[in-house]
Amino acid sequence: MPEPKKPDPKKEAAPPAEPVPGEELQPAQITGLFVERPESTTAIRGKNITFVAKVDSSTLLRKPVMKWLKGKWLDLGSKAGKHLQFKETYDRNTKIYTYEMTIVKVVDGDAGGYRCEVTAKDKCDSCTFEITVEAVEEVQQTNILEAFKRSGDAGEDAGDLDFSGLLKKREKKKEEPMEPEVDVWDILKNARPCDYEKIAFQYGITDLRGMLKRLKMMRKVEPKKSDAFIRKLEPAYSVEKGRKIVMSVELADHNAQVKWLKNGQEIKPSAKYLFESIGGIRKLIINKSTLSDDAAYECVIGEEKCFTEVFVQEPPVTITKLLDDIHVVVGERVEFEVEVSEEGANVIWMKDGVELSRDGKYRFKKDGKKHWLIINEASKEDIGTFCVCTNGGQSKAELEVEDKELEVLQSIADLTVKAAEQAVFKCEVSDEKVTGRWFKDGVEVIPGKRIKMTHIGRIHKLTIDDVKPEDAGDYTFVPDGYALSLSAKLNFLEIKIDYVPRQDPPKIHLDTTGSMVSKNTIIVVAGNKLRLDVEITGEPAPTVCWRKGPIELSSAEGRVRVESRKNLSSFVIEGAERGDEGLYCITVNNPAGEDKADLNIRVVDVPDAPENVRCTGVGEDTASILWDPPKFDGGAPLKGYLMERKKKGSSRWTKLNFDIYESTVYEAKKMIEGVFYEMRVFAVNGIGVSQPSATSKPFMPIAPTSEPTRLVVDDITDDTCALKWLPPDRVGAGGVDGYIIEYCLEGGSEWVQANEVPVEKNMYRVRGLQVGEKYLFRVTAVNIAGRSPPAEIKQGVTIREITERPKIRLPRQLRTKFIRKVGEKVNLVIPFQGKPRPVVNWFKDGAPLDSSLANVRTSEVDSILFIRQATREHSGQYTLSVQIENMEDKANIEIQIVEKPGPPVFVTVTDVWGFNAALEWRPPKDSGNCDITGYTVQKADKKTTEWFTVYEHNRRPSCTVSDLVMGNEYTFRIFSENICGMSEDAGVSKNTAVIAKTGLHYKPQPFKEREMNSSPKFITPLVDRSVVAGYNTAISCAVRGYPRPKIIWMKNKMIIGADPKFLMQNNQGVLTLNIRKPSLFDGGQYICKAVNELGEDQVECRLEVRVIKEKEKEEAKK
């Protein structure tokens, strides 16, 4: 079928957007909710365009609902994807909602009228705008690299790749003079039904169903004006599930009473269905519509009616919050969380493509719109891709599980202590449950009076009181179950007191052990406290002076200070910083002399964050990441880096490595194609881990599709060639934006592109080919990542139209007589073949088929004969003729329309003998247009006049009825039968059959009246019962006696009066006592007594009421 030409958007205006019937009546009033409305514009083909609408919600009680519509009914929300993107933001200060609709790479089909509609409970507002699409102006491109641009404003690495610049530009056509507007409905009224689809495509009509309904109404004979209705119901109403719909009519008589019917059944007023009457207007309001409200409705006034149909749309369940990747260690709890658009919706959880079931390992949880998949203790077997699916989309996430490692949070440090002081070794590990042992010089430490070992949470301590010289040595902590050890040294500082002359020059005693790396050099970690105690001797007491360069340090308070005591000077730095690093000098002097010492303090810190994290390349599920080392390494050599990633818009970061990675280039794997990711990097040195780097620009793993499959030639003419193919086997998340078709002369090397814009369909007709030449063809799929490998037809195709003899392929069921009942529809689809397109004609009984008798639609490959409601006059022989020039093929189809037959005639009783009667009749005048298959014979006597069937499916028009009762007079009726069933009426016999009596007489026995009076007697006793407290119960028995006895119920020998807890019933002697929600107090002995004037009788039972304990309730639930 040749492709229809697309209309010029400059010549033809899109039909104005009309309100959808039913929805326009929902809001109570039209108010100005829009602060900013989208405006009509002209878009450039291949470019992106964004429309913005702002809504003021300061006067609204609920969040407004925005709908973007194209034309009359097409809801663009269901078309969201690569081409149409929607965004919603909210400003809490101004209470303004901002809605954006972006059309990516505008095409000609996007031209037309649009409408945006906002609703909020009882308020509504809408606005319309139009889009006109024009070709892009051709600009000479000097640098082909400029064609590889990205969308967005964030720089060269932002947005999606856009290859539209490489496509050949279409030459701008000369503007033609404006032509007058064409009324498409006039064209459709005068067109054949087979051309409806072509005209609708040409003029941009997408709702074919609505078009056919409107055309049907236009073609109907103008009905006479209704006396009862001034305005009738709309032809159809459309509403979303859960919304309110209003149907209204206007009456000529304001006092007339109306009835509303649904599928032929009268509607009664209720909370769901509301009736309103305002003057001559009558309204039917349906609140919270459901799928059961999708039906046909009628409004009836007397004998006049008007009809309409209601269509209820069920929105698909979409995923509003996607799954996040999770990285855990063995034994940790895993929770995947997803949020959907509907409460109580059903979702399916899958792992690696296999649906998960509710068992001991996996648990499913649902709360409103949120759903969770819970794994209590993760293991290595749980590694994989988890997916959650709804009927409107899906989301995937990766779960990675690493072996559990012990992390040292704080290591033990070397200690230098004096005699009789306390030494405390302290370390902290990541697991609270880990135990360990302490060793001194390789020998396990045994706790005693001076030595104590403690374990509180993650902290392990070794405390030595009253330190002695023999306590000096190397101490080691070894965690149980891990190949790890922490070591430190205990130095014993021995103080010697010598005799000093009174005139002793000053002396500085520096300790060169412990934390000093080399002589007079001290290393301190940034943020830690440094306290340097320097012993000074001299007589008389010397004067101490601390300097850093030329600056003298004399402050006794503050972060950097000097503290002095007898024979001791302390230099203190609280929270060491990088600026504290440098050379310090201590000078002591007294009258006997002077002494100096230099100290080099070195401050080490965690490194700065890495810089310029960026993505240099992507694959199907991988990405290459590059970054620059930090400017400052913290004063210690860098050990490596740690990487993390997350999905764009998520707040959960996933670790990519637990071991330190040394290079600055990393390849991230196991990513989901088509999802945006962000990366950040941490630098690690001997002190710790740096702050995270700035987040990289978002990037998406994506790859081109594979080549299209099954490329074949579908049709050839003198200058065209039609191709067909199937989509690629591997598409990926990038999808398929379209296909590029190229052709080349056989033996040539220059490929010519046949289409300027990628086509979305899997077929294309290449035009402008030369007759008799051989061509090669190839097709390439295009998406955001580029072109796929081509699918080629390697054998040359000769361009010459092939004449094919016409041939009708009559279906097997039509080769015999085609039978249908009256009122049923007839729909015959008869395929045929032949080239060029044959001429098709239909005949009935040798004459051309009357178009008012049946509808015919013919395409290139088949012809359809359609009868909406068959009648007897449609029976006959139909002939289909397919002709190409002087070649012709015909097929005959015999159609028989049947219905139920009429009743038999002339039913007569011809003879009666004994207990038998002979009947005869004639076949019915109307056989229902088919053979009579049998008769059903029934009899009835004059006394009872009840009919009984004697024979079924009797084939002959006569029968003998036997076993008649003597003394009765019988009449007979007969139904005729065919393939449609029995006739509606029966043929009744004109005369009757009387079975005469013989000389026998019946002598009845004399009647003896029976004595009916009796004393009460229980025929069914009460039964002991054990019931559960809180659940209604009943006890019952049965009694007989005449006169009717009086019934008395007693509990524990006390008469039960008008207690609302008890309900007493008596149904034909069956006595029932209903007890409403019994408690422990209601247990005991129950008595039922029956008393009349002849005597009395009673029965009793015991009722036990028990309470179920909590454990029993839980077991019952399980």
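So, a few notes on the structure that sits alongside this text. Keep in mind the model is a prediction, meaning the values are calculated, not measured. (Residues numbered from 1 in each chain as written. Predicted model: local features only at pLDDT ≥ 70, side-chain atom pairs only at ≥ 80, totals over all residues. Heavy atoms only, no water.)

1. Notes on the sheet that holds strand β42 (residues 530-539)
Right, on to step 1. The 4 strands are arranged β40-β42-β46-β45 in an open sheet whose pairing can be described as antiparallel. Two strands close off the open sheet at either side, each with one partner strand: β40 (504-509) and β45 (560-565). This sheet shows a mean twist of 20° between the axes of neighbouring strands, independent of strand direction.
Right, on to step 2. Two elements, β40 and β42, share 4 bridges in a ladder whose sense is antiparallel. Directly across from Asp504, in β42, lies its bridge partner Glu539. (Pairing = 2+ DSSP bridges. Helix = DSSP H or I, 4+ residues; strand = E, 2+ residues; numbered from the N terminus. Axes fitted to C-alpha atoms, helices over the stretch in contact; angles between N-to-C directions.)

2. What to know about the nonpolar core
Right, on to step 1. Counting residues in hydrophobic clusters, the biggest one holds 25 residues, and the most contacted among them are Phe34, Phe51, Met66, Trp68, Met101 and Ile103.
Right, on to step 2. In contact with Phe34, not counting residues within four places along its chain, are Ala53, Lys54, Val55, Met66, Cys116, Val118, Asp125, Ser126 and Cys127.
Right, on to step 3. Core analysis: the next-biggest nonpolar cluster, separate from the first, contains 23 residues, Leu828, Ile830, Leu865 and Ile895 among them. (Core = buried A, V, L, I, M, F, W, Y, C linked by side-chain atoms within 4.5 Å. Buried < 20%, exposed > 50% of the residue type's maximum accessible area, 1.4 Å probe, protein only. Contact = heavy atoms within 4.5 Å.)

3. Looking at the environment of Lys997
Right, on to step 1. For Lys997, the location among the structural elements is in the loop between β80 (993-994) and β81 (1014-1020).
Right, on to step 2. Sequence separation of Lys997 and Asn968 is 29 residues, and the distance between their C-alpha atoms is 8.7 Å.
Right, on to step 3. Look past the residues within four positions of Lys997 in its chain and what remains in contact with it is Met966 and Gly967.

4. Digging into the pattern of salt bridges
Right, on to step 1. Applying the stated criterion across every chain, the model contains 43 salt bridges.
Right, on to step 2. Salt-bridge contacts for Asp125 lead to Arg37; the nearest nitrogen and oxygen are separated by 3.3 Å. Linking Asp125 in strand β10 (residues 123-134) with Arg37 in the loop between β2 (34-36) and β3 (41-44), this pair joins segments that are 88 residues apart in sequence.
Right, on to step 3. Assessed through its relative accessible area of 5%, Asp125 is described here as buried.
Right, on to step 4. Here Arg37 falls in the partly exposed class, since its relative accessible area comes to 37%.
Right, on to step 5. A salt bridge links Asp628 to Arg614, with the shortest nitrogen-to-oxygen separation between them at 3.7 Å. Linking Asp628 in strand β50 (residues 623-628) with Arg614 in strand β49 (residues 611-618), this pair joins segments that are 14 residues apart in sequence.
Right, on to step 6. The exposure class assigned to Asp628 is partly exposed, which follows from its relative accessible area of 29%. (Salt bridge = Lys/Arg side-chain N within 4 Å of Asp/Glu carboxyl O.)

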